[in-house]
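Notes for the structure review
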Amino acid sequence: MSEAMGLAGTRAESAEGTATEGVSVRNLGVRYRDRVLLEGISTEFRPRRVTAIVGPTGCGKTTLLRSINRMHDQAPGMRVTGSVSIDGADIYAPGVGVRGLRRRVGMLFQRPNPFPQSIADNISLAPRAHGLVSRREAAHLVEERLTEVGLWEAVRGRLNASPFHLSGGQQQLLCLARALALSPDVLLLDEPTSSLDPATTEHIERLITQLSERVTILIVTHNLAQAARISDDVLFLMAGRVVEAASSRTFFNDPGDERSRAYVSGRIG
Amino acid sequence: MRHTRGAIFWLLCAIALAVIVFPLIDIVVTLVRVAAPLLRPSLFATTTQAGGLGVENGILGSLLVGAGVLIVAGPIGVLAGLYIAEFASGRPRALLRFFSEVLSGVPSIVVGYVGYVVLVKALGWGYSLLAAVVALSMLILPYVVKNTEVAFESVPRSLREGAAALGLSRLTTIRRVLLPPALPLIVSGLVLAEAIATGETAPLLFTANWSDLNPQLGLTHNPFGYLTGTVYYSFNLPSKGEHQLAFAAALVTVVMILLMVIAGRLITMRARRMTANLEV
Amino acid sequence: MLVRGRARGISPSPAPAGATAGRESVTRWGDRVTHAVAAVAGMVPLGALAFIVIVMVVSAIPAILFSGTGFFTGSVFSLGSVYAPPIHHHGLTAPFGASYGALPLILGTFVTSLIAIGLAVPISVGGVLMLSEWLPRRAQSFLSLFLELLAGIPSVVFGIWGVYTFGPFMAAHVYPLLTGLGTVIPWLKGPVGAGQGLLTASLVLAIMVVPIVAATTRELVRRVPTLAREGALALGMTRHETAKVVTIPYVRTGILAAALLGWGRALGETMAVLFIIGNVLNGYPQNLYLSANTLSATIAGTLDGALTDSTGTDISALAEIGLVLLVISLVTNFAGRLVIRRVSDQALPVGRGV
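Residues numbered from 1 in each chain as written. Chains lettered and ligands numbered in written order. Predicted model: local features only at pLDDT ≥ 70, side-chain atom pairs only at ≥ 80, totals over all residues.

Quick notes on the overall build of chain C
In terms of helices and strands, chain C carries 11 helices and four strands. In chain C, which comprises 354 residues, the share counted as buried stands at 47%. Considering only residue pairs separated by 6 or more positions, chain C has 77% of its internal contacts joining residues 24 or more positions apart. (Helix = DSSP H or I, 4+ residues; strand = E, 2+ residues; numbered from the N terminus. Buried ≥ 20, exposed ≤ 12 C-beta atoms within 10 Å, placed from the backbone. Contact = placed C-beta atoms within 7 Å.)

Here we look at the overall build of chain B
Along its length, chain B carries 10 helices and zero strands. When the 280 residues of chain B are sorted by exposure, 58% land in the buried category. Considering only contacts in chain B between residues 6 or more positions apart, those separated by 24 or more positions represent 77%.

Some points on the sheet that holds strand β2 (residues 35-45) of chain A
Residue and element names in this part refer to chain A. Pairing is antiparallel across the open sheet formed by four strands, whose spatial order is β2-β1-β4-β5. Two strands in the sheet have a free side with no partner beyond their single neighbour: β2 and β5 (89-90). As defined by bridge partners, strand β1 (residues 23-32) adjoins strand β4 (residues 78-86) across eight bridges and the pair is classed as antiparallel. Across the sheet, the residue bridging to Arg 31 is Arg 79, located in β4. (Pairing = 2+ DSSP bridges.)

With respect to helix α2 (residues 56-87) of chain B
Residues and elements named next belong to chain B. Relative to the 46 Å expected for 32 residues at 1.5 Å per residue, α2 spans 44 Å between its end C-alpha atoms, a close match to the ideal helical length. Along α2, the helix axis deviates most sharply at Ala 73, where the bend reaches about 35°; the proline Pro 75 sits within four residues downstream. Along α2, 23 of the 32 residues are buried, which leaves the element largely enclosed by surrounding structure. (Expected span 1.5 Å × (residues − 1). Bend = angle between axes of the 7 residues up to and from the residue.)

So, the sheet that holds strand β3 (residues 50-54) of chain A
Residues and elements named next belong to chain A. Across the sheet, which stays open at both edges, the six strands sit in the order β6-β7-β8-β3-β9-β10 with mixed pairing between neighbours. Of all the strands in the sheet, just β6 (105-108) and β10 (241-247) have a single pairing partner and so form its edges. Taking the axes of each pair of neighbouring strands and ignoring which way they run, one obtains an average angle of 15° across the sheet. Sheet topology places β3 next to strand β8 (residues 216-220); four bridges connect them, and they run parallel. Along β8, the bridge assignment pairs Ile 53 with Val 220. Along the sheet, helix α7 (residues 168-180) contacts β6 and β7 (186-190); its crossing angle with β6, the most-contacted strand, is approximately 175°. (Axes fitted to C-alpha atoms, helices over the stretch in contact; angles between N-to-C directions.)

Looking at the interface of chain C and chain B
In this assembly, 66 residues from chain C lie in contact with 73 residues from chain B. Listed by contribution, the elements that provide at least two residues to the side of chain C that touches chain B are α1 (17-67), α3 (103-134), α4 (137-152), α5 (155-178), α6 (198-223), α8 (239-268), α10 (295-306) and α11 (313-347) of chain C. Of all the elements, α1(C) adds the most residues to the side of chain C that touches chain B, at 19 residues. When its residues are assigned to classes, the side of chain C that touches chain B shows 42 nonpolar, 21 polar and three charged. (Nonpolar A, V, L, I, M, F, W, Y, C, P; charged D, E, K, R; others polar.)

Things to note about the pairing of β8(A)
Residues and elements named next belong to chain A. Burial analysis of β8 places five of its five residues in the buried class, the great majority of the element. Strand direction decides the pairing type here: β7 and β8, joined by five bridges, are parallel. If you follow Leu 187 over to β8, its bridge partner there is Ile 217. In this fold, the crossover linking β7 to β8 by way of helix α8 (residues 198-211) has right-handed handedness. (Right-handed = clockwise from strand over helix to strand, strands pointing away.)

With respect to the nonpolar core
In terms of nonpolar packing, the biggest core is built from 272 residues, with B:Ile140, C:Ile160 and C:Val209 touching the most fellow members. Among the elements that take part in this core, helix α5 (residues 129-153) of chain B stands out by supplying 17 residues, more than any other. (Core = buried A, V, L, I, M, F, W, Y, C linked by C-beta atoms within 7 Å.)

So, the confidence of the model for chain C
Residue and element names in this part refer to chain C. Across chain C, the average pLDDT comes to 81, with 89% of residues at 70 or higher. Between the elements of chain C, mean pLDDT differs from a low of 77, seen in strand β2 (residues 87-89), to a high of 93, seen in α5. In the predicted structure, residues 1-21 sits below a pLDDT of 50 and forms 43 contacts with residues beyond four places in sequence or in another chain. With pLDDT under 50 throughout, residues 345-354 is counted as low confidence; its partners more than four residues away or in other chains account for six contacts. Listed scores for the predicted complex are pTM 0.86 and ipTM 0.93. (pLDDT = per-residue confidence, 0-100.)

Observations regarding unusual backbone geometry
Residues and elements named next belong to chain A. In this structure, Arg 48 takes a positive phi of about 55° despite not being glycine. Topologically, Arg 48 is positioned in the loop between β2 and β3. Look at Arg 48 and you get partly exposed, because 17 C-beta atoms sit within 10 Å. One non-glycine residue, Ser 183, lies in the positive phi region at around 50°.

Here's the deal with the pairing of β2(A)
Looking along a regular strand, one sees side chains alternate from face to face of the sheet. Residue and element names in this part refer to chain A. When β1 meets β2, the two strands line up antiparallel, connected through seven bridges. Bridge assignment links Val 23 to a residue of β2, and that residue is Phe 45. In this structure, the hairpin formed by β1 and β2 is closed by a connection of two residues, where Arg 33 is found at a positive phi of approximately 50°.

A word on the packing of α6(C) against α8(C)
The relative placement of two packed helices is expressed as an angle between their axes plus a distance between the axes. All names here are of chain C. Viewed as axis vectors pointing N to C, α6 and α8 meet at an angle of 150°, and their least axial separation amounts to 9 Å. The chirality of how α6 crosses α8 is right-handed. Of the residues in α8, those in contact with Leu 205, Val 209, Ile 212, Val 213, Thr 216, Thr 217, Leu 220 and Val 221 of α6 are Thr 247, Val 251, Gly 254, Ile 255, Ala 258, Ala 259, Leu 261, Gly 262, Arg 265 and Ala 266. Residues that form the contact of α6 with α8 fall into these classes: 12 nonpolar, five polar and one charged. (Left-handed = near helix turned anticlockwise from the far one by under 90°.)

Quick notes on the packing of α3(C) against α6(C)
Residues and elements named next belong to chain C. The interhelical angle for the contact between α3 and α6, taken along N-to-C directions, is 40°, at an axis separation of 6 Å. In terms of axis orientation, α3 runs oblique to α6. Where α3 crosses over α6, the two elements pack in a sense that is right-handed. (Parallel < 35°, antiparallel > 145°, perpendicular 65-115°, else oblique.)

Here we look at the environment of A:Asp233
Residues and elements named next belong to chain A. Relative to the elements of secondary structure, Asp 233 occurs in strand β9 (residues 233-238). Asp 233 sits in the buried class, given 22 other C-beta atoms within 10 Å. Sequence separation between Asp 233 and Glu 144 is 89 residues, and the spatial gap between their C-alpha atoms is 29 Å. With sequence-adjacent residues up to four places away left out, Asp 233 is seen in contact with Arg 46, Arg 49, Thr 51, Ser 247 and Ser 248.

Concerning α5(C)
Counted at 1.5 Å a residue, the expected span for α5(C) with its 24 residues is 34 Å, but the 27 Å between its end C-alpha atoms falls short. Considering bend angle alone, the principal kink of α5(C) is centred on C:Gly162 and spans about 55°.

A closer look at the environment of C:Gly126
All names here are of chain C. Its location among the elements puts Gly 126 in helix α3. Accessibility expressed as a C-beta count within 10 Å gives 23 for Gly 126, which makes it buried. Once the C-alpha coordinates of Gly 126 and Ala 214 are considered, the two residues, 88 residues apart in sequence, prove to be 9.2 Å apart.

Some remarks on the confidence of the model for chain B
Of all residues in chain B, 98% have pLDDT values of 70 or greater, and the mean over the chain is 91. Within chain B, helix α10 (residues 240-278) of chain B has the poorest average pLDDT of any element, 88, and α2(B) the best, 95.

A few points about the environment of B:Val252
Residue and element names in this part refer to chain B. Structurally, Val 252 can be placed in helix α10. Residue Val 252 is classed as buried on the basis of its 22 C-beta neighbours within 10 Å. Sequence separation between Val 252 and Trp 210 is 42 residues; the distance between their C-alpha atoms is 18 Å.

As structure tokens, then:
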């Protein structure tokens, strides 16, 4: 019985090997009641690259990011039009399970939000809930992911302790490890370092670069220097529309749009 | 002129504050003073049977009915609060919340009457623990619902988003992410509801009636005693000892309730500190 | 170095996809069951309310038919005698001499509860202002604990305190002074009695509803923007003027709501009143110091007697009293919550999200 349901679930969710890899956005629009938050967004996010989404406050950066794991689903009054495809499969198509989608698309928020569970459970909770690992494998997974984000040495002696005694930076690393525990194909980062100290910020930036060897990364940031340091591509939004999508080098050295030039040079934004 | 007016205004305010503070102190002092001759351990080991001056049957009855109310109104109230906070939305949610609040406005004597007519008579349970528990549960349900609702709603939104972003199911989100921080407030709500139940009299008069014996086994057809009943019935009796017993029972009731209120508050304070921790 | 197995590319799921989807269907089932069970529980409060209203209406029908409008105009409430043959009236039987005129009870309920709330509101507002303007923060949280404790004192305890300590004290020391006002307010003329009566009941009720009104007022005062108050102080206003010009207007609507809720509580309060008011079933007291009765105290005080009536009309008459009480309580409660909803929508941040 679970076999049949499994087939139904996987067909819609992963649609293997048909179209292009990466995240593809087609004519995406998002409205909240009568307000237009995003309109006519069409762009490609290349697989296993870091794309920085930049633009002035309120331009729709976070709204775009949250469209890619369907976080708008719960908010009454939010309407999404157009399509978003991951590895060629439309994530807004009927029959797509939002939970399965979010297993493949991880997210990190502006402020760390560890769960009120032990440090180890924070990491193993989601893989266990999705049935990805057994209880025994979970312990191994916890060590693996904590090591990956460089937190293992700091917390190995207190895996059963509350995460709230960790520093803000350590909490954010824990949340990153939590997202990585589901082995996501895409990682959405919403200003992940805006509340952190410079040392942790640098550490996370290094991790992002390393992760991009296997994960497609979209990062919203206010910090242009950060975007320049870590991104391969840049998507520049203003007032809910795409102004320019370019490689990082082009965007920062020779932008194609006058507004991009103004933004890069600090005259707007 | 201006300052005289101010002084008079603040003097009146100070009197008002005194009027708020004074009665509670005087009530406790009166209870202790009148009950003093009876305040010894045997008070708790004596029933009111054959003119006995003790609260044993009262305390046992109150504890029993308190436990019963916790069993009946606890799960229903917590689930109802969970539903209003986490599942319902829009108009149904507003209506359910509104009517649950309005239920708290039903006078307790009316609940007692309904309990008598329906539970004791129509359903034929007689004066009994079951009738008392059901009637009191109706009375405290709104408090449990409200506190549960507030408990879930005070969980920071960032935790919900974190859970959603990991694709956790609703049940897992509630159990593992929302419940731990909400639990202390839910528990303190239950404790406060229990305090209210302990102090009620009117609904019990018509559902539990009264017994001088310790509570017997059996859910139906078993009238039983309870602390507020000891106060009510003994106060109306002519002898001096009975009169003192009314005050002693009142003192025991008040102490129990005050302990519950303080416990509830301590739990709430700890919970607040914990929730403050959740938002880094 | 940090990334283990980076050469793997996108990590494959450690478990086959079929298992994930199987788990998905299990969790979906768990979600549905939780939702359904919680929904049923969510309906219980509404169901209980409807149930109470229906039971009261149905139980009251015989008495409504028996007395008609006499219930609201008659001034004698008597259960009659079961030792004489029952009487027949409007096709219904009732004990000999039964008369269900509830006007004195209705008036008694309104008078006691209105005096109570009329005193509780200024006392609460005055006390809270005193506290928030003059006393340190610590004292404020102490008062809120104090109010919770006061709210926790059982009604029956207020009752014996009122009869034993408070009533006699007032009759001996305070009421004689009040009789001096008798020339202005005729109902305050003597005799002052022994302390059990309408006024003592009203005063104890006032103390009992203070926690409701004061706790709400404290919340409201705490929400007054500091900026507005400092603005007034910066203009050289005294604290008294600031309270009058800024604080009180800001909290006025909220206090109205709290007053309505407190009034509802005072209307339905039973045990304390039953002890203190003196229980007269017929007629009206000649002044505020003497015995009277209320709707709720009558139900509690006469149910035992009504149970002996085999015609069932006595018990139905009590249901009619309960129904009137229920309607008044629900209306005030309704009104209070509607008002407070309006206020808190202004005061609370909107858009609280998911």
